[in-house]
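Each chain, written out:
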Amino acid sequence: MSEIPQSLPVHPRTRQRLHELSVKDISDSYNDTRRQLFETLQSLLADPGDTIEDQMNTLIKNYQNLCTLQASSINLTARLANAKDSFRSLCEQCDPVDPLTWYQYASGELMAPRLAALFQEEQSVSKETRLSREDVLLSALKYIWNDPTAMIPDEQNDDLYIEGGKIELHCPITYKPFETPMISKKCNHVFDRLGIENYLHGYPSRDCPQSGCSQKLTMSDFQEDDLMKLRCKIAKVKKKPAKTEALDVI
Ligand SMILES: [Zn+2]
């Protein structure tokens, strides 16, 4: 018979030590990295060079790595918190350690929980759903860098995603490429600022000009559409004719 118990309930005096056990919070580093990636995206699009394809693909890959790392940090933090909670409440149901129960714990007659075993248990961690503006744009890149008119699957709402569907980069009012795209917060339809301002001018509110949409809209229902702006910027970058080898030949 073993004289040393495999596990014992945590002593009330050592609970503070248990409380202090935590995963180091490095969310600031994640946020810093995200901001730097976003700034890199903006400067790449503002001044695209010959190697922009490679640079953008690296950027997309780095952002995906960042998301994977951050998700595993969040998961680790949640698993530890859950394990500590279960450990604490299971320990409270255990007989306190004294000279008699010590031997009962050692012989296996009494059982105490093990923190490590509880930590190993699979935990379902709820996903953070609120995305920052940087996240919305960076996560869209993998879909729209190759084709700025590509639709982006909505993870919360699969019904909205149409395989092969295209996003129009022209304003349905002015028929020109978007310059300052504005999105309706009520129905998500997008128009150029000038077009929608003219359309609503002199009306307290008016039906959405998108055919088939009867939402009543005023100018205050609109906000700038950063995602559409990004699509248009990418479309412009992609349209630039690739520098030909001819110059070298001459
Ligand atoms: Zn609409």
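Up top is the structure these notes are about.
Worth saying up front: this structure is predicted, and the values here are computed from it rather than measured. (Residues numbered from 1 in each chain as written. Predicted model: local features only at pLDDT ≥ 70, side-chain atom pairs only at ≥ 80, totals over all residues. Heavy atoms only, no water.)

Engineer: Looking at this structure, how should I read unusual backbone geometry?
Structural biologist: Positive phi values are uncommon outside glycine, yet Tyr175 reaches one of about 60°. Its relative accessible area of 67% is what places Tyr175 among the exposed residues. Positive phi is not limited to glycine here, since Asn188 has a value of about 65°. Structurally, Asn188 can be placed in the loop between strand S1 (181-184) and strand S2 (190-192). For Asn188, a relative accessible area of 54% translates into the label exposed. (Buried < 20%, exposed > 50% of the residue type's maximum accessible area, 1.4 Å probe, protein only. Helix = DSSP H or I, 4+ residues; strand = E, 2+ residues; numbered from the N terminus.)

Engineer: Could you clarify how one ought to interpret helix H8 (residues 226-239) in this entry?
Structural biologist: Residues spaced three or four apart along an α-helix face the same direction, because each turn holds 3.6 residues. Under the 1.5 Å per step criterion, the end-to-end length of H8 is 20 Å for 14 residues, consistent within 8% with the ideal 20 Å. For H8, the set of buried residues is Met228, Leu230, Arg231, Cys232, Ile234, Ala235 and Val237. (Expected span 1.5 Å × (residues − 1).)

Engineer: Help me understand the side chain of Arg231 in this model?
Structural biologist: For Arg231, the location among the structural elements is in helix H8. Notably, Arg231 is buried but unbridged: the nearest opposite-charge side chain belongs to Asp147, and the N-O separation is 6.7 Å. Polar side-chain contacts of Arg231 include one of 2.7 Å to the backbone oxygen of Pro148. Non-local contacts of Arg231, meaning those with residues more than four positions away in its chain, are made with Ile144, Pro148, Thr149, Ala150, Met151, Ile152, Ile167 and Leu169. (Lys, Arg positive; Asp, Glu negative; His and termini not counted. Salt bridge = Lys/Arg side-chain N within 4 Å of Asp/Glu carboxyl O. Polar contact = N/O pair within 3.5 Å; in protein donor to acceptor, adjacent residues only side chain to side chain. Contact = heavy atoms within 4.5 Å.)

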